[in-house]
Amino acid sequence: METEEFVLVRDLLRSFATRFRVGSADDVKPSLGAAAQEALGELGLAELRRSTPPAATVQECALLAEEHGSLPLATSLLGTALLAPELLRLVGVPAAPGRTPTIALARDLRFPAASPSPLVAWDSEGADEALCVLPDGTVTAVGLGPAAPSVDLLRTIRTALPSQHVVGRLDPAGHLRWQAYALIVVASELVGAARSFVAQSVGYARERAQYGRPVGSFQAVQHLLADATVLVEACTSASRYAAWSLDHESPQRALAAARVAKAEVNRSAVEAVYAGMQVFGGIAQTWEHIAHLYLRKVRVGATVLATTADLLTVLAEPEATR
Amino acid sequence: MTDTPLDFGDPADLNRLRTEFRTWLAEHPFPERHLDEPVPVFLHRWHRLLHSGGWVGLDVPERYGGRGLTALHQVAVSDELGACGAPGVPRIGYLAHALLEFASEDQRLRMLPRMLAGDEVWCQGFSEPGAGSDLAGMSTFAERRDDHYVVRGQKLWTSYAQYSDLCLLLARTDREGSPHRSITAFALPLDRAGVTVRPLRAANGDDEFCELFLDDVRLEESERVGSEGDGWPLAMTTVSYERNALDTGHLSKYGLLVERLRSTVRERADTLPDGLRSEIGQCQVDYEVLVAHARRRTAERLSGQPAGPESSVDKLLMTRAEQRLYETALKVFPEQLAEDGGELFGEYLYSRAASVYGGTSQIQRNLIAKRVLHLPSSGRP
């Protein structure tokens, strides 16, 4: 996309997010989720990665994922609009007419292990099936069972039915691309969440007075927020560079960069949200406040696809990418 | 910092440069450090060799002795040096940027080619015994007398002044005004009458740090860099670039050590504790994040954004990467602690200074709070 065109698309998503943002955990209701998902579908973002070559770059998709994470939204942009269409594109299979797939993950939300392990349909608001990538690159489709409880109140997860059928197969390069893309998109949403929550806590620190002055004037609070800013910038640099790598470099290099980005985000997005909660103080502990929605998203997000332990083990080994 | 897609350069173009550089490296082996040869002397030989191949100042315009390429080309060269275990990139990027921005055309034409070639070695005279991170507390004074200045004062932490020809010196030119308008920069030749350089022995045994005594040193008007009162913005520009690991050549240094740690993971697969393996993985993450961050900031700079107060973020990330890296290296190579005097332990000690030099970590946090986040002032000076 041309920059101007992308800015337009992002602004669309931004105003959508302002309109459908969840004000508190009490707003998260199935009826509202369905309405928001329908409105999101009308933005046509699922088309961005459906064609070859895609209409949007990975960098642009990553920025949209950041945008989706920045306000509390109960919609499934990642699963249904970004991840599943890209997977079908990589496999070379068109989407079945009238079907909206999302992706299937292992029950612990990591990349699926060898079949037949129990699966869940992750980010399944508005979805009616889920695509699963097995370790050998085989892509299968599974039907959806009832909703499964999730700590991340903004994310719909459903159980997957045991029967599945093969949709296609990723070639080795496609498999690397898929893993890199998924890691980048998931990491980017968490970056957006951490960035936005820290910004909101900075705004609060400017207004909230204690001892007759704004808490943001205390150096202890300033340093806490400065450190959170450093973490957010580190996450941003890592995820945007990984996205660029997938657009321009070999899939091996891009996957290495994507793993680095997810590892950084797993650690730092959570830390940044902790800092923001500390600034909000006691109010952040209430059900009505949005703080716990962000905390839930980044805390669960840090385990999605690949945990820090998974990633550090791989990244400690030298690889032949240079 | 920008929020639209970033241009990290044309990979094909950068790869061509990498190939060209690798070919050159293969034909020009690294110099060996002679027994007892001081590190700066050895690095200076390396600097001149690199320059002879056209590998210094890639992003400096050609008329000033550079190659007129972009900062991303400089990143690629730094990367390659790190990857092949070469000595670091000459640390002149931040000084060159200060001259590019503030020096007169005449000074740029005269000074930059010699700086890039290593014909003149520069050091930086900012800190003072009474003013380290707090530049506003500076007391060295340059008194104006008709067409020249007379400078009196003392500088501290001027790295390798004993091996340098010129010092980018900051001095007050107005005792009354605010520090933001009363500091002026000069290019001081260190052999000028009245200049005394005294090396200090550092905790790691090196004699990098020097004291500089200035007793009625005469400086010509033509040796002033920028206008009177430009010293503060010049210092801010210099330290902004100094805080990007790319400009100081630190990236290649870290990359080399991270690779060394990662190869021990393969070599000692059976005996390396899992905890240490994760810690090495974390060093790799810190390092790669720093590379990504340096590239992002470089891309932003190329799109026209100056290295502003966000450079404090760069400095804190660099400090994080460096301190964890050397901490981990001592765990991977514990013999360095038992035997003492190892090179690695010296570098570890120096890593502890990362949170002090170039403005302490606390100063960087203050700068982020005030100038990036615009938090309310504490009401104290």
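Structure shown above.
What you are looking at is a predicted structure, and each value in this text was computed from that prediction instead of being measured.

### Some points on the pairing of strand E1 (residues 101-106) of chain A
All names here are of chain A.
- Of all six residues that make up E1, six are buried, and the element is covered over most of its length.
- The pairing of E1 with strand E3 (residues 129-133) spans three bridges and is parallel. Each bridged residue has a counterpart across the sheet, and for Pro101 the counterpart in E3 is Glu129.

### Some remarks on unusual backbone geometry
- Note the cis peptide between Thr52(A) and Pro53(A), where omega equals -5 degrees.
- Tracing the backbone through its elements, the reader meets Pro53(A) in the loop between helix H2 (30-42) and helix H3 (58-70).
- Look at Trp157(B): it is not a glycine, yet its phi comes out positive at around 65 degrees.
- With respect to the helices and strands, the residue Trp157(B) is situated in the loop between strand E3 (148-156) and strand E4 (166-172).
- The partly exposed category is assigned to Trp157(B), whose relative accessible area is 43%.

### Remarks on the packing of helix H8 (residues 250-267) of chain B against helix H10 (residues 311-332) of chain B
Residue and element names in this part refer to chain B.
- Contact pair H8 / H10: the axes reach a minimum separation of 11 Å and the direction vectors enclose 35 degrees. Two packed elements cross with a definite hand, and for H8 against H10 that hand is left-handed. Within the contact between the two elements, H8 uses His250, Lys253, Tyr254, Leu257, Val258, Leu261 and Thr264 and H10 uses Met318, Glu322, Leu325, Tyr326, Thr328, Ala329 and Val332.
- A breakdown of the residues in the contact of H8 with H10 according to their chemical character gives nine nonpolar, three polar and two charged.

### Section: the nonpolar core
- Core analysis: the largest hydrophobic core is formed by 145 residues, its most contacted members being Leu45(A), Leu83(A), Trp122(A), Trp178(A) and Tyr181(A).
- In terms of residues, this core owes the most to one element, helix H5 (residues 172-207) of chain A, which gives 17 residues.
- If sequence neighbours within four positions are ignored, Leu45(A) has contacts with Val9(A), Leu13(A), Leu40(A), Leu64(A), Leu77(A) and Ala81(A).
- Core analysis: the next-biggest nonpolar cluster, separate from the first, contains 47 residues, Ala76(B), Phe102(B), Ala185(B) and Tyr241(B) among them.

### A short note on the packing of aromatic side chains
- What the rule picks out here adds up to 17 aromatic pairs over all chains.
- A ring pair is formed by Tyr204(A) and Phe280(A), whose centres lie 4.7 Å apart and whose planes are at 35 degrees; its orientation type is tilted. With Tyr204(A) in helix H5 and Phe280(A) in helix H7 (residues 251-280), this pair connects stretches of sequence that are 76 residues apart.
- Judged by its relative accessible area of 9%, Phe280(A) falls in the buried class.
- Considering the side-chain rings of Trp24(B) and Trp55(B), the 6.4 Å spacing of their centres and the 55 degrees angle between planes classify their relative orientation as tilted. With a gap of 31 residues between them, Trp24(B) in helix H1 (residues 11-27) and Trp55(B) in the loop between helix H2 (39-52) and helix H3 (71-83) connect regions that are remote in the sequence.
- Following the ring pairs from residue to residue traces out a cluster consisting of Phe197(A), Tyr204(A), Phe280(A) and Tyr294(A).
- The cationic tip of Arg67(B) hangs over the ring face of Trp55(B); the distance from NZ or CZ to the ring centre is 4.9 Å.
- Here the basic side chain of Arg175(B) rests over the ring of Phe141(B), its NZ or CZ set 3.7 Å away from the ring centre.

### Considerations on the sheet that holds strand E2 (residues 119-122) of chain A
All names here are of chain A.
- Read around the closed barrel, the five strands follow the order E1-E2-E5-E4-E3; overall the barrel is mixed. Recorded for the sheet is a direction-independent mean angle of 45 degrees between the axes of neighbouring strands.
- As paired elements, E2 and strand E5 (residues 157-169) share two bridges and run antiparallel to each other. Bridge pairing in E5 places Ala121 opposite Arg158.
- Each of E1, E2, E3, strand E4 (138-148) and E5 touches helix H4 (residues 77-91); the most contacted strand, E1, lies at about 90 degrees to it.

### Observations regarding the environment of Arg277(B)
- Mapped onto the elements of the fold, Arg277(B) is located in helix H9 (residues 274-302).
- Among the residues examined, Arg277(B) registers a relative accessible area of 13% and is labelled buried.
- A C-alpha to C-alpha distance of 35 Å links Arg277(B) and Leu367(B), two positions 90 residues apart in sequence.
- If sequence neighbours within four positions are ignored, Arg277(B) has contacts with Thr313(A), Ala316(A), Glu317(A), Val265(B), Ala269(B) and Leu272(B).

### Structural notes on the interface of chain B and chain A
- Across the boundary between the two partners, chain B contributes 49 residues, which contact 47 residues of chain A.
- Summing the contributions of chain B and of chain A, the shared interface buries around 4,200 Å²; its carbon and sulfur component is 59%.
- Between Glu233(A) and Arg296(B) there is a salt bridge, and its shortest N-O distance comes to 2.8 Å.
- Looking at the side of chain B that touches chain A, the elements with two or more residues in it are H3, H8, H9, H10 and helix H13 (361-372) of chain B.
- For the side of chain B that touches chain A, the leading source of residues is H9(B), giving 15 residues.
- Partitioning the side of chain B that touches chain A into residue classes produces 20 nonpolar, 14 polar and 15 charged.

Cut-offs applied
- Sequence order as written defines the numbering, with residues in each chain counted from 1.
- Just so you know, chain letters begin at A and ligand numbers begin at 1, following the order they were written in.
- Confidence filtering applies because this is a predicted model: local features only for residues at pLDDT of at least 70, side-chain atom pairs given and counted only at 80 or more, and all residues used for totals across whole chains, interfaces and linings.
- Hydrogens and water molecules were not included; the side-chain quantities draw on all heavy atoms of the structure.
- Three exposure classes are used, based on accessible area relative to the maximum for each residue type with a 1.4 Å probe and protein chains only: buried under 20%, partly exposed in between, and exposed over 50%.
- Every helix listed is a DSSP run of H or I at least four residues long, and every strand listed is a run of E at least two residues long, numbered separately from the N terminus.
- Two strands make a pair as long as DSSP finds a minimum of two bridges between them.
- Axis lines are fitted to C-alpha atoms, over the contacting stretch for helices. Their N-to-C directions set the angle, which ranges from 0 to 180 degrees.
- Two helices cross in a left-handed way if the nearer one is turned anticlockwise from the farther one by less than a right angle. They cross in a right-handed way if the turn is clockwise.
- The contact criterion used is simple: two residues touch if any of their non-hydrogen atoms lie within 4.5 Å.
- Classification convention: Asp, Glu, Lys, Arg as charged; Ala, Val, Leu, Ile, Met, Phe, Trp, Tyr, Cys, Pro as nonpolar; all other residues, Gly among them, as polar.
- By nonpolar core is meant a set of buried Ala, Val, Leu, Ile, Met, Phe, Trp, Tyr and Cys residues that side-chain atoms within 4.5 Å join together.
- Side-chain rings of Phe, Tyr and Trp (the six-membered ring for Trp) are treated as a pair once their centres are within 6.5 Å; stacked means planes under 30 degrees apart, edge-to-face means over 60, and tilted covers the remaining angles.
- The rule is short: NZ of Lys or CZ of Arg within 6 Å of the ring centre and within 35 degrees of the ring normal puts a charge over the ring.
- Reported buried area values correspond to the accessible surface (1.4 Å probe) lost by two parts on association, with both partners' losses combined.
- Any Lys or Arg side-chain nitrogen found within 4 Å of a carboxyl oxygen on Asp or Glu counts as a salt bridge.

That is the geometry; function is a separate question.
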